Amino acid sequence: MSTVAHAHDSHAASHGADAHDDGKPHIHVTSPLLLLGVFGALLVLTVLTVAVTSIDLGPLNIWIALFVAVAKGGLVVMYFMHLRWDSYYNGIILIVSLFFIALFIGIAILDTKEYQPNMEAPHQGQVLPVQDAR
Amino acid sequence: MSNAETNVAGTALLDDPHAEHGGNGHDPNLAHHFDTPEQQYTSAKLGMWIFLGTELLMFGGLFCAYSVYRHNHPEVFVYAHKFLDKWLGAVNTVVLITSSLTMAWAVRASQMNKSRLLTVLLILTIIGGYGFLGIKSIEYHQKYEHGLWFGGSNIFSESYIEKVGPKEFEKSVEHLEHTTMEPSHAGGEAHAGEARGGDAHSEVIGQANGEAHGEAVAGHEAVAGAAATSQPTLKTAAGFSDPNAGLPDEAKIKPSFESPAGLAPEVAAADPHHHHLSFEELALRDKKNLATFFNIYFFMTGLHGVHVVVGMSLIYWVLLRSVGPRGRLYVWPLGLASVGVFLLYLIIITHYMMLAVWGGAVLLFSLLWLVRNLTIANSVEEGHGEFSRDYFTPVDLVGLYWHLVDLIWIFLFPLLYLIH
């Protein structure tokens, strides 16, 4: 098929400013080496995140776990979901979604902190079901 | 897209030298409201990303519930997550990552016109999905057996406590802690040398772990056994004095508004790793709220599990389209047969014999269907799959969905199983 050459052309053309193309999708074919490399990195990070649980780093633990998760997520999004070669619009949608989730969780946590003292009070000295168990 | 403006819809297609399908140059894969395949492809992809964005927002609600709850009750998470089997979770992470790889490779295969490779990789991806569900069923069934199911079927729930009464409840919790709790993280290595009380439990724990996990995870027993030998009895462990003796419950923890809530200084000093937090040591308000951890766990992993099933179904749909008419004769019944096999597999886990009826019926029907299709196979043209370099959008978009499933799990795993 002549399509092998075609893919190469159209990919190259997509980088040209006003290249004349034939309307075929501009596809980026991810190389096997890159796919396997990302897969290997994901496995290493998985082992890392399990291993780091056994080391006590205080409050740092959760941040390391989240950092590793974000790194893994980044690899999946950039290479497996080929966002790296995609239109920027797709990336913007992802980033905006994540931004609103962060806003949602962040403000909810702030609010929780704000009312924490009030929430503690009612429990003092109350007899609750589990108390009966003693 | 660059010549989309200059070409009136249709004329571009007639000029298109690459339009191989269709007699008069009309690309059968191009909908009429698109100018070019390129425009159609990028639009489809943009739409898929918008959908994935809404998916993330939906999960975001659950992550928010998780965050607020963990912020309010850190000890609940430290204590209750030990009931989850982090090794099964880790294996499932690897299974999902592997199936993500095969899916990404399937997209590549479709882009390279390698339709046979595409079919094989899609099948492997579906098998990965079954692998994930299979391991997840082991976990869910363990939770069910141990009374750590959601809602009122959780022994920590108030309705359960009311039902069985406080005495029985105490006994259940003690039993649960001794038989099902994930052996403390690294407790085995870190404290192996120290003299510990409570080795009497180690045998019981070792056995329970062996029974519970069976041969599901190779090497797991070894790990569980190693850690179990140092599983301490909380109150008698060397250098461990009960910091709560004589204190009212609430004194056990620092007020959480002072700092990211944590254990009281005394508890933290006695057990800096929080490994051995027991039900007894929990503050009253945390004891009351343990069931919520499991509800969050089941909600998050359940919604994720639904996505796994939907993803597998979509991959199956793509698989059907990736083969020609004759191949489809085989793929239809074999896909159904895989459901039957999975139902039969669930018997091994649940010992629920009605599944034999259902699984057997599905399997029998699909095998009859397969035999019938084999007899007519010769009269059906072999044909070829629908996907090629020029049209692989469904493979690509379903792939994106499958990667999203992987992405969510990448966050769920450390947040639920690896709490420190």
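Note that this is a predicted model, so its numbers are computed, not measured.

Notes on the overall build of chain A
Counting its secondary structure elements, chain A contains 4 helices and 0 strands. Counting from the amino terminus, chain A carries its helices and strands in the arrangement α-α-α-α. Within chain A, the fraction of its 134 residues that count as buried is 37%. When the accessible surface of chain A is split by element, carbon and sulfur atoms take 71% of a total near 7,700 Å².

A look at the overall build of chain B
Scanning chain B from terminus to terminus reveals 16 helices and 0 strands. By the burial criterion, 56% of the 420 residues in chain B qualify as buried. For chain B, long-range pairs separated by at least 24 residues make up 78% of all intrachain contacts whose partners lie at least 6 apart in sequence.

Looking at the pattern of salt bridges
Two side chains of opposite charge can pair, provided their charged atoms sit close to one another. All names here are of chain B. For the structure on display, the rule yields 6 salt bridges over all chains. In this structure, aspartate 396 and lysine 45 form a salt bridge, with 3.1 Å as the shortest nitrogen-oxygen distance. Residue aspartate 396 is found in helix 16 (residues 393-417), and its partner lysine 45 is found in helix 2 (residues 37-72); the two are separated by 351 residues along the sequence. Per residue, the accessibility class of aspartate 396 equals that of lysine 45, and both read buried. Across the pair lysine 288 and glutamate 158 runs a salt bridge, and its minimum N-O distance is 2.9 Å. Here the residue lysine 288 occupies a position in the loop between helix 12 (284-287) and helix 13 (290-322), and glutamate 158 occupies one in helix 6 (residues 158-164), the gap between them amounting to 130 residues.

Considering the packing of helix 5 (residues 115-145) of chain B against helix 13 of chain B
Geometry of a packed helix pair, given as the angle between the helix axes and the separation of the axes. Residues and elements named next belong to chain B. It is at 10 Å that the axes of helix 5 and helix 13 come closest, and there the two elements cross at 155 degrees. Between helix 5 and helix 13, the crossing angle belongs to the class labelled roughly antiparallel. Where helix 5 crosses over helix 13, the handedness of that crossing is left-handed. Looking at side-chain class alone, the contact of helix 5 with helix 13 contains 17 nonpolar, 9 polar and 3 charged residues.

A look at the nonpolar core
In terms of nonpolar packing, the biggest core is built from 114 residues, with Phe80 of chain A together with Trp49, Tyr79 and Phe156 of chain B touching the most fellow members. Leaving out residues up to four positions away in the same chain, phenylalanine 156 of chain B has contacts with Tyr79, Phe83, Leu148, Ile161, Phe169, Val173, Leu176, Phe279, Leu290, Ala291 and Phe294 of chain B.

Observations concerning the environment of leucine 344 of chain B
Residue and element names in this part refer to chain B. Considering the arrangement of structural elements, one finds leucine 344 in helix 14 (residues 325-350). Each C-alpha atom of the pair leucine 344 and leucine 355 lies 6.4 Å from the other, and the pair is 11 residues apart in sequence. Aside from chain neighbours lying at most four places away, what touches leucine 344 is Leu355, Ala356, Gly359, Gly360 and Leu363.

Some words on the packing of aromatic side chains
Residues and elements named next belong to chain B. Under the definition given, this model contains 35 aromatic pairs over all chains. Here the aromatic rings of phenylalanine 83 and phenylalanine 156 are separated by 6.1 Å at their centres, their planes lie at 50 degrees, and the arrangement is tilted. A residue pair is termed long-range when its members are at least 10 positions apart, and phenylalanine 83 in the loop between helix 3 (74-80) and helix 4 (86-111) and phenylalanine 156 in the loop between helix 5 and helix 6 qualify at 73 residues. Just as phenylalanine 83 is buried, phenylalanine 156 falls in that class too. Relative to tyrosine 417, the ring of tyrosine 297 has its centre 6.2 Å away and its plane inclined at 70 degrees; by these criteria the two rings are edge-to-face. Here the residue tyrosine 297 occupies a position in helix 13, and tyrosine 417 occupies one in helix 16, the gap between them amounting to 120 residues. Each member of the pair, tyrosine 297 as well as tyrosine 417, carries the same accessibility label: buried. Grouping aromatic residues by their ring pairs yields a cluster made of Tyr66, Tyr69, Phe77, Tyr79, Phe83, Phe156, Phe169, Phe279, Phe293 and Phe294. Across from the ring centre of phenylalanine 279, 5.2 Å away, lies the NZ or CZ of lysine 287, which sits over that ring.

Describing helix 14 of chain B
All names here are of chain B. In this model, helix 14 (26 residues) spans 38 Å end to end at C-alpha, consistent with the 38 Å of a helix rising 1.5 Å per residue. For helix 14, the full list of buried residues reads Leu329, Val331, Pro333, Gly335, Ala337, Gly340, Phe342, Leu343, Leu346, Ile347 and Ile349. Packing partners of the buried residues in helix 14 comprise helix 5, helix 13 and helix 15 (354-376).

Observations regarding unusual backbone geometry
Even without glycine at this site, histidine 82 of chain A takes up a positive phi of about 35 degrees. Residue placement: histidine 82 of chain A occurs in the loop between helix 3 (60-80) and helix 4 (88-120).

Description of the packing of helix 2 of chain B against helix 16 of chain B
Residues and elements named next belong to chain B. The N-to-C vectors of helix 2 and helix 16 enclose an angle of 15 degrees; their axes lie 10 Å apart at closest approach. Comparing their axes, helix 16 and helix 2 come out roughly parallel. Two packed elements cross with a definite hand, and for helix 2 against helix 16 that hand is right-handed. A breakdown of the residues in the contact of helix 2 with helix 16 according to their chemical character gives 19 nonpolar, 1 polar and 4 charged.

As for the confidence of the model for chain B
If pLDDT is low for a region, its predicted coordinates should not be looked at in detail. Residues and elements named next belong to chain B. When the pLDDT values of chain B are averaged, the result is 78; 71% of them are 70 or greater. In the model, residues 1-23 has pLDDT below 50 throughout and makes 33 contacts with residues more than four positions away in sequence or in other chains. Predicted confidence is poor over residues 250-270, with pLDDT under 50, and the contacts of this stretch with residues over four places away or in other chains come to 44 contacts. Reported confidences for the modelled complex are a pTM of 0.76 and an ipTM of 0.78.

Observations regarding the confidence of the model for chain A
Residue and element names in this part refer to chain A. The share of residues in chain A with pLDDT of 70 or more is 71%, and the mean pLDDT across the chain is 78. Between the elements of chain A, mean pLDDT differs from a low of 42, seen in helix 1 (residues 3-13), to a high of 96, seen in helix 2 (residues 32-51). In the predicted structure, residues 130-134 sits below a pLDDT of 50 and forms 16 contacts with residues beyond four places in sequence or in another chain.

Quick notes on the rules
- Residues numbered from 1 in each chain as written.
- Chains lettered and ligands numbered in written order.
- Predicted model: local features only at pLDDT ≥ 70, side-chain atom pairs only at ≥ 80, totals over all residues.
- Heavy atoms only, no water.
- Helix = DSSP H or I, 4+ residues; strand = E, 2+ residues; numbered from the N terminus.
- Buried < 20%, exposed > 50% of the residue type's maximum accessible area, 1.4 Å probe, protein only.
- Areas by Shrake-Rupley, 256 points an atom, 1.4 Å probe, with all protein chains shown as cover.
- Contact = heavy atoms within 4.5 Å.
- Salt bridge = Lys/Arg side-chain N within 4 Å of Asp/Glu carboxyl O.
- Axes fitted to C-alpha atoms, helices over the stretch in contact; angles between N-to-C directions.
- Parallel < 35°, antiparallel > 145°, perpendicular 65-115°, else oblique.
- Left-handed = near helix turned anticlockwise from the far one by under 90°.
- Nonpolar A, V, L, I, M, F, W, Y, C, P; charged D, E, K, R; others polar.
- Core = buried A, V, L, I, M, F, W, Y, C linked by side-chain atoms within 4.5 Å.
- Phe/Tyr/Trp six-rings, centres within 6.5 Å; stacked < 30°, edge-to-face > 60°.
- Lys NZ or Arg CZ within 6 Å of the ring centre and 35° of its normal.
- Expected span 1.5 Å × (residues − 1).
- pLDDT = per-residue confidence, 0-100.

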